[in-house]
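So the chains spell out like this:
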Amino acid sequence: MWRAEEIVDEETLTALLEAARTREGRAALSDALSDTLCLLPASPVPLLLLRVRLVRNLLAGDSNNQRTFVLLSGPAAVVSSVLALPSLTPDVARAALQALGNAALSGDQNREAVWDALFPGALREFARVWDAGVVDPLCMVLDTCCSGEAGRGRLQELCHEDMGLPILVQLVTTASRVGHKEEWLEWLLVKICVEEEMFETLFAALGSADGAEHSDGESGNGFTAKHAFLLGTLSKCLTERPEEVIVSNSFALHVLNVQKYAAETVDFTCRGSSSLPTGCPGIDVLGYSLLLLKDICAWEPASSQSEAPVDSLLQTGLVKHLLKYLGDLELPSTIRKAMAKEQGDQQPALASAKVCPYNGYRRDIVAIIANCLHGRKQVQDEVRQLNGIMLLLQQCVIDEGNAYLREWGLLAVKNLLEGNEENQKEVSELQMQEPILTPEIADIGLRVEIDKKTGHPKLVNSS
């Protein structure tokens, strides 16, 4: 039996902390939980940190202590004690959130108690702490409390424009500056932006919060580093675990709108020299929105009866939109060099041609087109009708600053020709008009052939 007077010095608290790391130690120290909670309000900073850490350890994986913690109003005691400090330090904030996260793992009653202690004011205070070690446990608490059917009400509160949205804006603002180490933030933002369809609202709020940054170099044509961070985080999650995300038509269309606006604001006369992130918000927003569209166009719903979001995008004229971007660009470097070698000084200058604003821009456009073409005859026909076949053939080359362009170009051509006799015929006719029309294929030693047995297109060595 532990009494309050026995756990008032740092040396004893440190020993108890170590003992509470094991299951046996937590069981033996269960009586210390009540006394520690009672001592929290009057604790000086060094002892407060140790006591909050002791509470955290006592709650780790111990359902009995977790239930007792809620019965003793532990969530409110922890929150009120740490927020009473003149300045909330990262160490104290991290320990408090870890303790609340441990408590929240023991059922919805505990989650409700944790939520009541935090929402909304305390959550915003924790979100203001500029430390990656605080961002992670804060997102863990939010994600845990808002998970499952029982957490939907809390999730809706977090998405509320007046109550919860400022918390999310502050969280993204902090994370964009200090970063994060674990995946909790990614899943929280996917849940809010993709599954709850709050992307448009949060994206707009990030631009208007506190006037957005216009004086520190972060702002670019209405976009900020926070916008780029949000898109990059969502893109990473969708790229790495598409099977665990449900993409709505609404989200897909909002991303397309962002991409279109970004394309109107970016300077395409200045050649980019780095990959994403470039540090320029407008360019990064353009790039990450293209990456999201690439994965959205490859994503398929679990039910074959559901409409894939790519279908909604295609109805907006996505393919025409992308082919125009591609056609406005200068030719890939391999073709430019081949033309310069052949024509010498007689080569006409293409002063109006646009250049890639970041390394990978051309490849990302081709990748989206390749995914749109997969198994969709109407898209194959649309590319032909828009005179886009030669344009795609020109992408089957190595291009400086666009790693894997050749591979994505070949995939796009494969998807363009597969099962489409009209497209196969047009390509075969183009190949008879060498050397002018197909330097892009000849320069890499390839040609397109239609397999006589299968009727499928294939690219073979021309030697």
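Visitor: A description of the packing of helix 13 (residues 184–195) against helix 15 (residues 225–240) should follow, citing residues and the corresponding values.
Guide: With their axes 9 Å apart at the nearest point, helix 13 and helix 15 run at an angle of 100° to one another. Taken together, helix 13 and helix 15 sit at an angle that is classed as roughly perpendicular. Seen from helix 13, the contacting residues are Leu-185, Glu-186, Trp-187, Leu-189, Val-190, Cys-193 and Val-194; seen from helix 15, they are Phe-229, Leu-230, Thr-233, Leu-234, Lys-236 and Cys-237.

Visitor: An account of the packing of aromatic side chains is requested, with residue identities and associated values reported.
Guide: Under the counting rule described, the total for this entry stands at 7 aromatic pairs. An aromatic cluster is built from Phe-199, Phe-203, Phe-223, Phe-251 and Tyr-261, whose rings are joined through pairwise contacts. We note Lys-354 situated over the ring of Phe-268; from NZ or CZ to the ring centre the distance is 5.1 Å.

Visitor: Outline the environment of Ser-63, listing residues and values.
Guide: As for its placement among the helices and strands, Ser-63 is situated in helix 5 (residues 63–71). In this structure Ser-63 comes out as partly exposed when scored by relative accessible area, which is 34%. Expressed as a C-alpha distance, the spacing of Ser-63 and Asn-102, which sit 39 residues apart in the sequence, is 9.5 Å.

Visitor: Quick one: what's the story with helix 14 (residues 199–208), residue by residue and with numbers?
Guide: Regarding helix 14, the residues found buried are Phe-199, Leu-202, Phe-203, Ala-205 and Leu-206. Projected down its long axis, helix 14 carries its buried residues within an arc of 160°, all on one side. Lining the buried residues of helix 14 we find helix 12 (165–178), helix 13, helix 15 and helix 16 (249–265).

Visitor: Mind laying out the pattern of salt bridges, listing which residues take part and the relevant values?
Guide: This structure, assessed with the given rule, holds 23 salt bridges. Across the salt bridge formed by Arg-241 and Glu-240, the nearest N and O atoms sit 3.4 Å from each other. Residue classification places Arg-241 among the buried positions, given a relative accessible area of 12%. For Glu-330, the salt bridge identified is with Arg-271, shortest N-O distance 2.5 Å.

Visitor: Mind laying out the nonpolar core, listing which residues take part and the relevant values?
Guide: Counting residues in each nonpolar core, the largest one holds 141 residues, and the members touching the most others are Phe-126, Phe-199, Leu-234 and Tyr-361. Element by element, the count of residues in this core is highest for helix 17 (residues 281–298), at 10 residues. The residues touching Leu-234, leaving out its near neighbours within four places in the chain, are Leu-189, Val-190, Cys-193, Val-194, Phe-199, Phe-251 and Leu-292.

Visitor: I'd love a proper account of the environment of Lys-324, names of residues and values included.
Guide: When you line up the elements, Lys-324 lands in helix 19 (residues 318–328). Put simply, Lys-324 and Gly-388 are 64 residues apart on the chain and 9.3 Å apart in space, counted from C-alpha to C-alpha.

What counts and what doesn't
Residues numbered from 1 in each chain as written. Predicted model: local features only at pLDDT ≥ 70, side-chain atom pairs only at ≥ 80, totals over all residues. Heavy atoms only, no water. Axes fitted to C-alpha atoms, helices over the stretch in contact; angles between N-to-C directions. Helix = DSSP H or I, 4+ residues; strand = E, 2+ residues; numbered from the N terminus. Parallel < 35°, antiparallel > 145°, perpendicular 65-115°, else oblique. Contact = heavy atoms within 4.5 Å. Phe/Tyr/Trp six-rings, centres within 6.5 Å; stacked < 30°, edge-to-face > 60°. Lys NZ or Arg CZ within 6 Å of the ring centre and 35° of its normal. Buried < 20%, exposed > 50% of the residue type's maximum accessible area, 1.4 Å probe, protein only. Arc of directions from axis to C-beta. Salt bridge = Lys/Arg side-chain N within 4 Å of Asp/Glu carboxyl O. Core = buried A, V, L, I, M, F, W, Y, C linked by side-chain atoms within 4.5 Å.

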